[in-house]
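Understanding the architecture of this molecule
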Amino acid sequence: QVQLVESGGGLVQPGGSLRLSCAASGDIFNVGSMGWYRQAPGKQRELVATITRGGRGLTVDSVKGRFAISRDNAKNTVYLQMNSLKPEDTAVYYCNADIRTSMWSQSFEYWGQGTQVTVSS
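Notes on the structure follow. Just so you know, these numbers come straight off a predicted model, no measurement behind them.

Counting through the fold element by element, Glu6 comes out in strand 1 (residues 2-7). Here the side chain of Glu6 touches Cys95 through a polar contact of 2.8 Å, landing on its backbone nitrogen. Polar side-chain contacts of Glu6 include one of 2.8 Å to the backbone nitrogen of Gly114.

Take a look at the structure:
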C-alpha cells in the first residue's frame, strides 16, 4: 500500500503565503516525478507544478514567479511554496507521484486526498 498525505492548506489573505507538503509512504521502492494539481469549484483539475527526481521543476504560467516546487528524496516528500496568493488560487490542491513498489514493478500514478487552499480577505 502506498499513501500520499498532503498538509499545509488553509485560509490566507490575498498576498499571503502558504507551504504545502506531501509525503509518500508505504511499500515504496522508488519515487519518480512528483507534482501538484488543483481543482477549483466547477472547474477541471489542472496542473500547477511538477518536479523530476533529479530536481528539475516546472510551474505553469499562471503561477510562475509566485509558486515554487521542491522535493526531498530522502523523505519522499514534495513541497509547494506559494507566495503572493490571489483569490483565483483558491482550490483543492492534490499531490501526485509516480511510484514503483518494487524493483520488478512498473511505475504507477498515485494521488493524495487533497488539501483546501482558500485565499480571501
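Moving on, we come to the state of the cysteines. For the structure shown, the criterion picks out one disulfide. The disulfide that involves Cys22 links it to Cys95, with 1.8 Å between the sulfurs. On the criterion of sequence distance, the pair formed by Cys22 in strand 3 (residues 18-26) and Cys95 in strand 9 (residues 91-100) is long-range, its members being 73 residues apart. Summarising the burial analysis for this pair, Cys22 and Cys95 share the class buried.

Once that is clear, we can look at the environment of Ser17. You can see Ser17 is positioned in the loop between strand 2 (10-12) and strand 3. When its relative accessible area of 40% is taken as the criterion, Ser17 is described as partly exposed. Setting aside its immediate chain neighbours within four residues, Ser17 contacts Val12, Gln81, Met82, Asn83, Ser84 and Leu85. One polar contact links Ser17 to Asn83, side chain to side chain, over a distance of 2.9 Å.

By the element assignment, Thr59 lies in strand 6 (residues 57-59). Among the residues examined, Thr59 registers a relative accessible area of 14% and is labelled buried. Along the primary structure Thr59 and Val48 are separated by eleven residues, whereas in three dimensions their C-alpha atoms are 5.9 Å apart. In this structure, Thr59 is in contact with Val48, Ala49, Lys64 and Phe67, ignoring residues within four places of it in sequence.

Let us now look at the sheet that holds strand 8 (residues 77-82). Strand pairing in a sheet relies on backbone hydrogen bonds. The paired strands run either parallel or antiparallel. An order of 1-3-8-7 is seen for the four strands of this open sheet, with the pairing classed as antiparallel. The outermost strands of the open sheet, each flanked by one partner alone, are strand 1 and strand 7 (67-72). When strand polarity is set aside, the average angle formed by the axes of neighbouring strands in this sheet is 15°. By the bridge criterion, six bridges tie strand 1 to strand 3 in an arrangement that is antiparallel. The residue bridging Gln3 from the neighbouring strand is Ser25, located in strand 3.

Let us look at a nonpolar patch on the surface. A cluster of nonpolar side chains, contributed by Phe29, Met103 and Trp104, occupies part of the molecular surface with about 430 Å² of accessible area. By the secondary structure assignment, Met103 is in the loop between strand 9 and strand 10 (108-111).

This paragraph deals with the pairing of strand 7. A one-sided burial pattern is seen for strand 7, the buried positions being Phe67, Ile69 and Arg71 and the unburied ones Ala68, Ser70 and Asp72. With six bridges connecting them, strand 7 and strand 8 associate as antiparallel partners. Looking across to strand 8, one finds that Phe67 is bridged to Met82. Connecting strand 7 to the next strand, strand 8, in antiparallel fashion are four residues, including Asn76 with a positive phi near 50°.

Rules used throughout
Residues numbered from 1 in each chain as written. Predicted model: local features only at pLDDT ≥ 70, side-chain atom pairs only at ≥ 80, totals over all residues. Heavy atoms only, no water. Helix = DSSP H or I, 4+ residues; strand = E, 2+ residues; numbered from the N terminus. Polar contact = N/O pair within 3.5 Å; in protein donor to acceptor, adjacent residues only side chain to side chain. Disulfide = S-S within 2.5 Å. Buried < 20%, exposed > 50% of the residue type's maximum accessible area, 1.4 Å probe, protein only. Contact = heavy atoms within 4.5 Å. Pairing = 2+ DSSP bridges. Axes fitted to C-alpha atoms, helices over the stretch in contact; angles between N-to-C directions. Patch = residues over 30% accessible without salt bridge, like charges linked within 9 Å, V, L, I, M, F, W, Y side chains within 5 Å. Areas by Shrake-Rupley, 256 points an atom, 1.4 Å probe, with all protein chains shown as cover. Salt bridge = Lys/Arg side-chain N within 4 Å of Asp/Glu carboxyl O.

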